[in-house]
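Per-entry structural report
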Amino acid sequence: MAFKTPHVSLVSFSVEISARDTTNVMLIETDLHLNVRHPSYDAAAVERLTQAARAYLAGNADQVTQIRLVSNRSGQT
């Protein structure tokens, strides 16, 4: 099932390997600022994206075990 929601510019997948386990990660690139101190931070939009990601994870837990949000906006720090 494809992940489609506003403010998402790219979805990719990776595998993270540690000494103890392997994790399937879905990387979501967004045009939202994720830094709460940034003047353009939109808490409601970030919350909607987070909830959509959690819902996707719940429905696809057999394929994805973790989701990472990454902003493509500059000035995050």
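This report concerns the structure included in the present document. Nothing here was measured: the structure is a model prediction, and the numbers come from that model. (Residues numbered from 1 in each chain as written. Predicted model: local features only at pLDDT ≥ 70, side-chain atom pairs only at ≥ 80, totals over all residues. Heavy atoms only, no water.)

1. Looking at the packing of aromatic side chains
Stated precisely, the cut-off is as follows: Here a Phe, Tyr or Trp ring, Trp counted by its six-membered ring, pairs with any other such ring whose centre lies within 6.5 Å, and the pair is stacked when the planes are under 30 degrees apart, edge-to-face when over 60, and tilted otherwise. Each helix is a run of H or I in the DSSP string that is no shorter than four residues. Each strand is a run of E no shorter than two, and both are numbered from the N terminus.
In total, this model carries one aromatic pair according to the counting rule given. Both rings, one in F3 and one in Y56, keep their centres 5.5 Å apart while their planes meet at 85°; by these two values the pair is edge-to-face. Of this pair, F3 sits in the segment before β1 (8–17) while Y56 sits in helix α1 (residues 43–59), and the two are 53 residues apart along the sequence.

2. Let's talk about the nonpolar core
Filter applied, for reference: In plain words, nonpolar cores are sets of buried Ala, Val, Leu, Ile, Met, Phe, Trp, Tyr and Cys residues tied together by side-chain atoms within 4.5 Å. Burial status follows relative accessibility: with a 1.4 Å probe on protein chains alone, a residue under 20% of its type maximum counts as buried, one over 50% as exposed, and anything between as partly exposed.
With 11 residues, the main nonpolar core is built from F3, M26, I28, L32, A45, V46, L49, A53, Y56, V64 and I67. Element by element, the count of residues in this core is highest for α1, at five residues.

3. As for the pattern of salt bridges
To be explicit about the condition: The rule for a salt bridge is simple: a side-chain nitrogen of Lys or Arg has to be within 4 Å of a carboxyl oxygen of Asp or Glu.
Evaluation of the coordinates by the stated rule reveals one salt bridge. Across the pair E16 and R68 runs a salt bridge whose closest N-O atoms are separated by 2.8 Å. Of this pair, E16 sits in strand β1 while R68 sits in strand β3 (residues 66–71), placing them 52 residues apart in sequence.

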